Each structure stands twice: as C-alpha cells, then as structure tokens.
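Per-entry structural report
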Amino acid sequence: MAERDLTTLDLESLWHPLTQHRGLDQSPPLRIESASGCFIVDSEGRRYLDGVSGLWCVNIGHGRSELAEVAREQMERLAYVPLTFSHEPAIRLASKLVDLLGYEGRVYFSNSGSEANEAAIKIARQYHAQSGAPPGRVKIIARHRGYHGNTLGALSATGQAERRQGYEPLLPGFLFVDAPDPYRNPGDAAAALEEAILREGPETVAGFLMEPIIAGGGVLVPDDAYLPKVREICDRHGVLLMLDEVVNAFGRTGAMFAHRHWGVEPDILTLAKGIASGYMPLAATVVKSHVFEAFGGTPGDLSHFRHVNTYGGHPVATAVGLRNVEIIEREDLVSRARETGASIMTRLKGLLDHPNVGDVRGKGLLIGIELVEDQATKRPLDWKPLAAIVRRCLGQGVIIGRNTNTSPGLGNVLILAPPLVIAPDETDLLLSALECALYEELPAG
Ligand SMILES: Cc1ncc(COP(=O)(O)O)c(C=O)c1O
C-alpha cells in the first residue's frame, strides 16, 4: 500500500499509547518496517539506533532469525493449548528460570508485566489468607515513583500521579513510601518502610512491591544497604517481599536478576520484557516454595490459585522465551551489559560539567541522566527541553528515552537502555548524538 495511504489509515484508525493525538497529523509517528541488531528502519529507509530497546525489552537485539525459526517450528507442532494441560516449552522455560534463580520456586506465566504484577498481588493476599494470618492481611505497600503496570491492581501499586490521574479511584489497600534517591533524598528509605508497616499494623500488610532499580520513574538506583535492610524488615514483620524485575532482569542491569547485586531473594518475583526480548508477549510470576505451599489445600476446596490467562505460558511464547534466555547465556550478554554499562558511565560522568546535568546514574545498561535548571539548587529542568534533546537525537538517527507522564515536575530524566548486544562503535554513536544534542543551546522550559 502506498505510503500516504498507510499514514492516513493510521491517523484514522489507530490509537497510540502515551500519545496526544491532537496535532498528530502534523508529525505522525514514525512507521517502522524492519529492524536488525541495534537498529530500526522506518518506511523511508532511515535507520535509527534503538537506544531504549523498544520499551526496554529487546535485550538480545532485533532481527534474530533463530527465534523466528523456533516460533515457526513450535507453531507447526503445537500452536496453542492452555496451561490447564501441560507442554514442553512451558515446562522447560519454568525449569530454566528456577535453575537460574537458584532457589526452589514455581513459575506462573502470563502475557505482560502488568498481568504478572496483578497475579503477584492476588497471590500475596491469598497466601496470607491461607497461612493462618488474621483475616485482613491485604495491604500492599509500594513506592512513590515506582511503576507496576496499567491494570487497575498494578496501577493501584504505581506511585506515579500522572499515570493514575483520570483513572482514580483505584483499589483501596495500597500505600506508598519513598524510594531511595541518593541524589535528591539521601535519607534512610528502608526505615520509612518499617515505620509504614508499624503505623498500619504488620498484621494488615500482605506485601511490599518494588522495582530493585526504578526504571520508568527516573532510573533510581538504591544505595547498597537498602535491599538487605528491606529484606530484614519484611522478614521481621511477616511481609512478603515482592520484586518487580519486569525491566531489571535478564541482564539489563549487568546481572541476570537485579536482586543478585544486593544478595537478597524475593518471596515473589515478576518478570516480563527481557524474558522473550519482545519477540513474543510473555511474563512470569515466580514464587518461592514456601509461598506455593500455602496453595495446597484439599481437592475441591478453594485453596488453589483461581486465576487464569487464556494465553499465559503460550507454547510459542515460552519456546521463544527459552531460546532467548539461552542466547543471553550463550553470548554472555550479562557480562557484556555490565562492561558496556561501565564504559558508558565513565564517559557520561564527563557530562557533569554541563550546567544542566545534575546526576548520571545506572547499573549495566539501565542508565538515567537527570537534568536540572541549576546544579546547586537541583531544581528539575522542565520536560520541554528534554523533549527537544530527544528530538535532536532522533534527527541524528538515535533514539533515546525520557521519563514521561510519571510524577509532576519530575519528567527530567533522559534514559539510555540499548540492547545488551550494543557494539563499541554503536555506543559511540549513541553518546555522541546525546552530547551534541545536549551541548546545543537548550530551549527555555
Ligand atoms: C517495572 C515495570 N513493571 C511492570 C510494567 C508493565 O509491563 P507491561 O507493559 O508489559 O504490562 C512495566 C512496563 O514498562 C514496568 O516498567
């Protein structure tokens, strides 16, 4: 179909996420037609370096025909059967995840990060209801600036006002504490969690849900003491530690799972994105055995997990997910992300000379650059100059991200999260574009 026709059809029929449609006809979204490695190619043949891996998900890079082959073979053999039956790809991927995690656990598959968190919240509540806790141990504590998904449960645990506005009231029983933010708020964020648990009454709190490194909220890396302290506090009060590693896992932070950086293990872990590198929609909620055991009543009672997704653990998605994880291991992309991330960080530290760069931070290939009006006051830069920087990078054929629609006044973080396979010359292209865009005069806020 001719170019113009597709653009017209797009503008007449598609509803794009996170997009203000008024005025979109003046600058319609780029139509992407193909992708390979770290590059995507638009309908006019322009190539862009994908510095955010789609939506932080294409960990192994684009265009792996090996995965297309796995999908084709699986589709021909068995395209679909629900997981009320069983099948080999789901068994093998679940077993692989448990092996990689290194503790005994069970894997519940779904299709998106939001659904994985939705399942986690329901599991936490049902676990307590069936573990002899007094009735009413249902509250979930989450964190300001954290994101857990678009469904009403996951959104209720999301501490980003701009994502919630217009969809409220959300579910009762969710409350928020501050996340560690060594740049803006170097206090003891773990102590704030314990205060919240005590204030609410531990017997009312089911779980604490957090991203080890907050991603979309602005790439907030905790200090090293935080997660071990959180683990202790959760243990002390019988609260389940629920880690959302939808973005963090599968090498993104330079570890297979981010919690490894701090030597803690979660009771419930949610995974998506890098689990299949965006080649198929797939997510998982992994619980430790002690959680799973609470679901073993007697046949016929209601103690089992009464939650079902038609497509959760889809044969094609799990077959592709398994091969994707094997590729991450085979090519040692975890070490590669760690090493590339360290060299990017060294170069980015040079940006701290720029008057508007307040902080550069990250782990592995999950990197944030916080922009301020002035380094001394740390007053956040308005989002408009950030949008201009992103546009300028795009003009140079490089896609970078920024945190949009999160917390009022804090849309001031540029984001880099390229595929883990990014090569040194591609890294150079990414950073050169960013430096150029930043050192051109910034428009007023
Ligand atoms: C940390 C985190 N959790 C959950 C989600 C939701 O995942 P999905 O968009 O696949 O529903 C996201 C999405 O970006 C995320 O960043």
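Residues numbered from 1 in each chain as written. Predicted model: local features only at pLDDT ≥ 70, side-chain atom pairs only at ≥ 80, totals over all residues. Heavy atoms only, no water.

This brings us to the domain arrangement of the chain. Per the domain assignment, the segments making up the chain are domain 1 (31–60 + 332–439) and domain 2 (65–330). A straight line from the C-alpha centre of domain 1 to that of domain 2 covers 26 Å. Summed over both partners, the interface of domain 1 with domain 2 comes to about 3,200 Å²; 57% of that surface belongs to carbon and sulfur atoms. Where domain 1 touches domain 2, the interface holds one salt bridge. The residue Arg184 makes a salt bridge to Glu370 at a minimum N-O spacing of 2.6 Å. For the pair domain 1 and domain 2, the number of links is 22 residue pairs in polar contact (both at pLDDT 80 or more). Counting residues per element, the ones that place at least two in the side of domain 1 that touches domain 2 are α2 (53–56), α12 (333–349), β11 (357–363), β12 (366–371) and β15 (413–416). With five residues, β11 is the single largest residue contributor to the side of domain 1 that touches domain 2. Of the residues contributing to the side of domain 1 that touches domain 2, the split by class is 21 nonpolar, 13 polar and eight charged. (Domains from an automatic or database assignment. Buried area = accessible area lost by both parts, 1.4 Å probe. Salt bridge = Lys/Arg side-chain N within 4 Å of Asp/Glu carboxyl O. Polar contact = N/O pair within 3.5 Å; in protein donor to acceptor, adjacent residues only side chain to side chain. Helix = DSSP H or I, 4+ residues; strand = E, 2+ residues; numbered from the N terminus. Nonpolar A, V, L, I, M, F, W, Y, C, P; charged D, E, K, R; others polar.)

Right, let's get into the sheet that holds strand β10 (residues 283–288). Whenever strands of a sheet pair, they do so through backbone hydrogen bonds, lying parallel or antiparallel. The strand order across the open sheet built from seven strands is β4-β10-β9-β8-β7-β5-β6, with neighbouring strands paired in mixed fashion. A single partner strand is all that each edge strand has here, and the edge strands are β4 (105–110) and β6 (174–177). Along the sheet, successive strands turn relative to each other by an average axial angle of 20 degrees, direction set aside. Of the pairings in the sheet, the one linking strand β8 (residues 240–244) to strand β9 (residues 268–271) comprises three bridges and is parallel in character. Along β9, the bridge assignment pairs Leu243 with Leu269. In this fold helix α4 (residues 88–101) packs onto β4, β9 and β10, with an angle of close to 130 degrees to the strand it touches most, β4. Packed onto the sheet, helix α5 (residues 113–129) meets β4, β5 (139–143), β6, β7 (205–210), β8, β9 and β10 and runs at close to 25 degrees relative to β10. (Pairing = 2+ DSSP bridges. Axes fitted to C-alpha atoms, helices over the stretch in contact; angles between N-to-C directions. Contact = heavy atoms within 4.5 Å.)

Bringing the nonpolar core into the picture now. Grouped together as the largest cluster of nonpolar side chains are 101 residues, with contacts concentrated most on Phe208, Phe250, Leu348 and Ile400. Counting residues per element, this core draws most heavily on helix α11 (residues 315–330), at eight residues. Other than its neighbours up to four places away in sequence, Ile400 contacts Val52, Ile389, Val390, Cys393, Leu414, Ile415, Leu416, Leu430 and Leu434. Core analysis: the next-biggest nonpolar cluster, separate from the first, contains 20 residues, Ala119, Phe174, Met242 and Phe305 among them. (Core = buried A, V, L, I, M, F, W, Y, C linked by side-chain atoms within 4.5 Å. Buried < 20%, exposed > 50% of the residue type's maximum accessible area, 1.4 Å probe, protein only.)

Right, let's get into the pairing of β7. Among the six residues of β7, six are classified as buried, and the element is accordingly described as predominantly covered. Where β5 and β7 come together, three bridges link them in parallel fashion. When the bridges of β7 are listed, Ile140 appears paired with Gly207. Taken together, β7, helix α9 (residues 226–237) and β8 constitute a β-α-β crossover, and its handedness is right-handed. (Right-handed = clockwise from strand over helix to strand, strands pointing away.)

All residues in the neighbourhood of the ligand are listed as Ser112, Gly113, Ser114, Asn117, Tyr147, His148, Gly149, Glu211, Asp244, Val246, Val247 and Lys273. At a separation of 2.8 Å, an oxygen atom of the ligand approaches a polar backbone atom of Gly113. When the free accessible area of the ligand is taken as 390 Å², the share hidden by the protein chains comes to 82%. Ranked by residues supplied to the shell around the ligand, first place goes to α5 with three residues. Its residues assigned to classes, the shell around the ligand shows three nonpolar, six polar and three charged. (Near = heavy atom within 4 Å. Areas by Shrake-Rupley, 256 points an atom, 1.4 Å probe, with all protein chains shown as cover.)

As a further point, take the sheet that holds strand β1 (residues 32–36). With mixed pairing, four strands are arranged side by side in an open sheet as β1-β2-β3-β13. Pairing within the sheet leaves two strands with one partner each, and these edge strands are β1 and β13 (398–399). In terms of strand pairing, β1 meets strand β2 (residues 39–42) through four bridges, oriented antiparallel. Residue pairing for β2: Ser36 is matched across the bridge by Phe39.

Applying the stated criterion to the full structure yields 28 salt bridges. The partner of Glu88 in a salt bridge is Arg92, and the shortest N-O contact between them spans 2.7 Å. Pair noted here: Glu88 and Arg92 are both in helix α4, with a separation of four residues, about one helical turn. Salt-bridge contacts for Lys288 lead to Glu265; the nearest nitrogen and oxygen are separated by 2.6 Å. A residue pair is termed long-range when its members are at least 10 positions apart, and Lys288 in strand β10 and Glu265 in the loop between β8 and β9 qualify at 23 residues. For Glu265, a relative accessible area of 33% puts it in the partly exposed group. By sharing partners, the salt bridges in this structure join Arg64, Glu66, Arg323, Glu326, Arg330 and Glu331 into a single network.

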